[in-house]
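# Working through the structure, step by step
One-letter residues, chain by chain:
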Amino acid sequence: MAATPRVAQEGRPGETLRASAVSRSFAGVHALREVTLELRRGDVVGLIGPNGAGKSTFVNVLSGFDRPTTGTVELEGRDVTRWTPGRRGRKGLARTFQHSHSFRGLSVRENVEVAALAVGARASAARQRADNLLRALNLEAHAQRPAQTLAHGDERRLGVARAIAMNPRFVLLDEPAAGLPEAEVPDFTMVLRELSEIHGAGVLLIDHNMALIMEVCDRIHVLDQGRTLAEGTPVEIRANLDVAAAYLGETAVHDDA
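Within each chain, residues carry numbers counting from 1 in the order of the written sequence. With the structure being a predicted model, the display of local features is reserved for residues of pLDDT at least 70 and the display and counting of side-chain atom pairs for 80 or more, all residues being used for whole-chain, interface and lining totals. Side-chain measures were taken over the full set of non-hydrogen atoms in the model, leaving aside hydrogen atoms and water.

Take the environment of T72 next. Mapped onto the elements, T72 comes out in strand β4 (residues 70-75). For each residue, the accessible area found with a 1.4 Å probe, counting protein chains only, is set against the maximum for its type, and the residue is called buried under 20%, exposed over 50%, and partly exposed in between. What makes T72 partly exposed here is its relative accessible area of 28%. What makes two residues a contact is simply this: any of their non-hydrogen atoms within 4.5 Å. For T72, the contacting residues outside a window of four places in its chain are R18, A19, S20, V22, D79 and T81. The helix and strand labels rest on DSSP assignments: H or I over at least four residues marks a helix, E over at least two residues marks a strand, and numbering proceeds from the N terminus.

Laid out in structure tokens, this is it:
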């Protein structure tokens, strides 16, 4: 899959997924505190932070699998805070999970086809979409295998294929590169770039692979203890001493020394 030059994009009115002042508490414990984030179509935004920072809770709130205690979520100008995940999905919001949500008894190809069919693709188009995605994500060799037999890294890639098969306007990727061999990271980076640049999707990427985050993201949002610690370009985040101390490691600020 050929890469295209990275072009800065300006979101047109309404072409955003936005969380405004989102807070979430569980039995008095604050998982999120006043978090605001905007994702424009065509952008790749990284969401990083230490374990327990609130990243997965935030994605659950954005996708409708949880509701904020306070704050709102808007999808292309519409308040969707109380919408179900299915209703958000039908309006173009897709996501992956840290743990498999595939149909484990179906084959890898069938899983991707079902995702395409769920958003109205014809059978022939669903098959073509599945073939293209399995090729792009290096899953062709596993196409006929039951999904339940996949290794962890392949299972994550299947989740990405299923999400992209829905032709989303926005996609939330929760640690999609976990278990991915280092040699396959460049190909995966290419898939993410094409998803944003060619298909125009807004991509929210959560991952602990900092090389991937720094390479592919336009902007990065950092959470720490449920709060926004920093946000900016990869260069700005790399240079931020608070981020270095909280997440990248104290030695990050000395890399060029």
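That shown, we press on.
This part is about the nonpolar core. By nonpolar core we mean a set of buried residues, namely Ala, Val, Leu, Ile, Met, Phe, Trp, Tyr and Cys, connected to one another through side-chain atoms within 4.5 Å. Residues V112, F188, L205, L212 and I220 are the most contacted members of the largest nonpolar core, which totals 47 residues. Per element, the largest residue contribution to this core is six residues, and it comes from helix α5 (residues 152-165). Ignoring any residue separated from it by four or fewer positions in sequence, one finds F188 in contact with L137, V160, P176, A177, L180 and L212. Within the second largest apolar cluster, 24 residues are counted, among which are A19, L32, L47 and L75.

Looking now at the pairing of strand β9 (residues 219-224). Relative to β9, strand β3 (residues 44-48) runs parallel, the two being bridged by four bridges. Residue V45 lies in a different strand from β9, and its bridge partner there is R219. Direction of pairing for β9 relative to strand β10 (residues 227-232): antiparallel, over a ladder of five bridges. The partner of H221 across the bridge, within β10, is E231. What sits between the antiparallel neighbours β9 and β10 is a turn of two residues, in which Q225 has the positive phi angle 55°. Strand pairing follows a simple DSSP-based rule, namely that at least 2 bridges must link the two strands.

What follows covers the layout of surface pockets. Detection works on a 1 Å grid of protein atoms alone, calling trapped sets that fit a 1.4 Å probe cavities and calling open sets with protein on both sides within 12 Å along at least five of seven lines pockets, with lining residues defined by an atom within 4 Å of a point. Grid points are joined across faces, edges and corners, and a volume is the space filled by probe spheres set on the points. Of the pockets and cavities examined, the largest pocket occupies roughly 590 Å³. For the largest pocket, the lining is made up of 28 residues, of which F65, R95, F97, R162 and M166 are closest to its centre. Mapped by element, the contributors of at least two residues to the lining of the largest pocket are α2 (85-90), β6 (93-95), α3 (108-118) and α5. In terms of residue count, the dominant contributor to the lining of the largest pocket is α5 (six residues). Here the nonpolar group is Ala, Val, Leu, Ile, Met, Phe, Trp, Tyr, Cys and Pro; Asp, Glu, Lys and Arg are the charged ones; every other residue, Gly included, is treated as polar. Tallied by class, the residues present in the lining of the largest pocket amount to 13 nonpolar, ten polar and five charged. One number sums up the size of the second largest pocket: a volume of about 310 Å³.

Turning our eyes to something else, we now look at unusual backbone geometry. Of note in this structure, E34 is not a glycine but carries a positive phi near 55°. Residue position: E34 is located in strand β2 (residues 29-40). One non-glycine residue, N167, lies in the positive phi region at around 50°. Positionally, N167 belongs in the loop between α5 and β7 (170-174).

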